Amino acid sequence: MKIRQATPEDAAALARVHVDTWRTTYRGIVPDDHLASLSYEKRTARWTEQIQATLAGKFAIFVAEDKDGQIVGFVDGGPNREDDPVYKGELYAIYIRQAYQGRGIGKQLVPPLAQSLLAMGLDTMLLWVFADNTPARHFYESLGGHYVRTNRFEIGGVSLEEVAYGWLDIRSLLKGQEQ
């Protein structure tokens, strides 16, 4: 598996991974009509903008490519979007195609993001995960994330609970990596 920074040419592939993984991972959590309404075109436009922002050093996006050069997962993050007083950085999203989950790709994607956050002067990190997404919660706990708080929000007219996990020193995510 090759991990590298996203480039503008990756926007459509990121959109496909994003939409497809939402549809497989969140079935039974997020309303089906919302999942059906997700658009590759809208996500491609969003990823194009995000990748442009990474070029300005505002965010970081890394992709995982299989041996054929196909993008099978990604992680992105940057400054905390809620201006949290403790957790200055945020992992915004990490998604791996269903067929590639459980192979350690997520554990390969997190360290480069942590390194980028550190380069931005952000040494703490928070992320949000659906409370009902037990496999992802176990993954974050295995990386040393600790429970911070819960929040409720609405998608498609349904109130959902999300859980925040945090790291008070993201250097712990660089185990085995050069610091």
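Preceding this paragraph is the structure being described.
Note on numbering: residues in each chain are counted from 1, in written sequence order. A pLDDT threshold of at least 70 governs which residues receive local features in this predicted model, and a stricter bar of 80 or more applies before side-chain atom pairs are shown or counted, although totals over entire chains, interfaces and linings include all residues. Excluding hydrogens and water, the side-chain figures rest on all heavy atoms present in the structure.

Undergrad: Residue-level account of the packing of aromatic side chains, with values.
TA: Classification of ring pairs rests on two measures: the distance between centres of Phe, Tyr or Trp rings, Trp counted by its six-membered ring, which must be within 6.5 Å, and the angle between planes, read as stacked under 30 degrees, edge-to-face over 60 and tilted in between. A complete count under the given rule lists 10 aromatic pairs for this structure. Clustering of aromatic rings is evident, with ring pairs tying together Trp 22, Tyr 26, Trp 47, Phe 74, Tyr 95, Phe 130 and Phe 153. Both a distance and an angle decide whether a charge sits over a ring: NZ of Lys or CZ of Arg must be within 6 Å of the ring centre and within 35 degrees of the ring normal. A cation over a ring is seen here: Arg 23 above Tyr 40, with NZ or CZ 5.8 Å from the ring centre. Above the plane of the ring of Trp 47 lies Arg 46, whose end atom (NZ or CZ) is 4.4 Å from the centre.

Undergrad: Can you explain the sheet that holds strand β4 (residues 89-96)? Please cite residues and give values.
TA: Two strands are said to pair when DSSP picks up at least two bridges between them. For the purposes of this entry, the term helix denotes a DSSP run of H or I that reaches at least four residues, the term strand denotes a run of E that reaches at least two, and both are numbered from the N terminus. The strand order β1-β2-β3-β4-β5-β7-β6 describes an open sheet built from 7 strands, whose pairing is mixed. Every other strand in the sheet has two partners, leaving β1 (2-5) and β6 (146-155) as the edge strands with one partner each. Each adjacent strand pair in this sheet contributes to an overall mean axis angle of 25 degrees, direction not counted. Direction of pairing for strand β2 (residues 60-65) relative to strand β3 (residues 71-79): antiparallel, over a ladder of 6 bridges. Looking at β3, one finds that Glu 65 is bridged to Ile 71. With axes taken as lines fitted to C-alpha atoms, and helix axes fitted only over the stretch in contact, angles between N-to-C directions fall between 0 and 180 degrees.

Undergrad: Account for the side chain of Asp 66, naming residues and giving values.
TA: By the element assignment, Asp 66 lies in the loop between β2 and β3. Contacts are assigned to residue pairs that have any heavy atoms within 4.5 Å of one another. Look past the residues within four positions of Asp 66 in its chain and what remains in contact with it is Met 1, Val 72 and Tyr 100.

Undergrad: I'd love a proper account of the layout of surface pockets, names of residues and values included.
TA: Buriedness of a pocket was judged along seven lines, with at least five required to meet protein on both sides within 12 Å; pockets are open sets of points on a 1 Å grid over the protein atoms alone, cavities are sets where a 1.4 Å probe fits but cannot get out, and lining residues have an atom within 4 Å of a point. Grid points are joined across faces, edges and corners, and a volume is the space filled by probe spheres set on the points. Taken as a whole, the largest pocket encloses approximately 1000 Å³ of empty space. Along its surface, the largest pocket is lined by 40 residues, and Tyr 26, Ile 94, Tyr 95, Asn 133 and Tyr 140 are the ones closest to its centre. Elements supplying a minimum of two residues to the lining of the largest pocket: α1 (11-25), α3 (40-55), β4, α4 (105-119), β5 (125-130), α5 (134-142) and β6. Of the residues that constitute the lining of the largest pocket, the class distribution is 21 nonpolar, 10 polar and 9 charged. In this classification, Asp, Glu, Lys and Arg are treated as charged, Ala, Val, Leu, Ile, Met, Phe, Trp, Tyr, Cys and Pro as nonpolar, and every other residue, Gly included, as polar.

Undergrad: Go over the environment of Leu 173, please, and point to the residues and values.
TA: For Leu 173, the position within the fold is in the segment after β7 (158-167). Residues Leu 173 and Lys 107, spaced 66 residues apart in sequence, show a C-alpha to C-alpha distance of 8.9 Å. Non-local contacts of Leu 173, meaning those with residues more than four positions away in its chain, are made with Val 110, Pro 111, Ala 114, Met 125, Leu 143 and Trp 167.

Undergrad: Would you mind going over α3 in detail, with residue names and values included?
TA: Each helix should span, by expectation, one fewer than its residue count multiplied by 1.5 Å. With 16 residues, α3 extends 22 Å from end C-alpha to end C-alpha; this agrees with the ideal 22 Å at 1.5 Å per step. Three labels apply to residues, based on accessible area from a 1.4 Å probe with only protein chains included: buried if under 20% of the type maximum, exposed if over 50%, partly exposed otherwise in between. All of the buried residues along α3 are Trp 47, Gln 50, Ile 51, Ala 53 and Thr 54. Down the axis of α3, the sector holding all buried residues measures 155 degrees, keeping them to one side. Exposed side of α3, more than 90 degrees from the buried face: Glu 41, Lys 42, Glu 49 and Leu 55 are the residues found there. Those residues of α3 that are buried are in contact with α1, β2 and β3. One or two residues past the end of α3 sits Gly 57, with phi positive at roughly 80 degrees. Relevant arc is that of directions from the helix axis to the C-beta atoms, nothing else.

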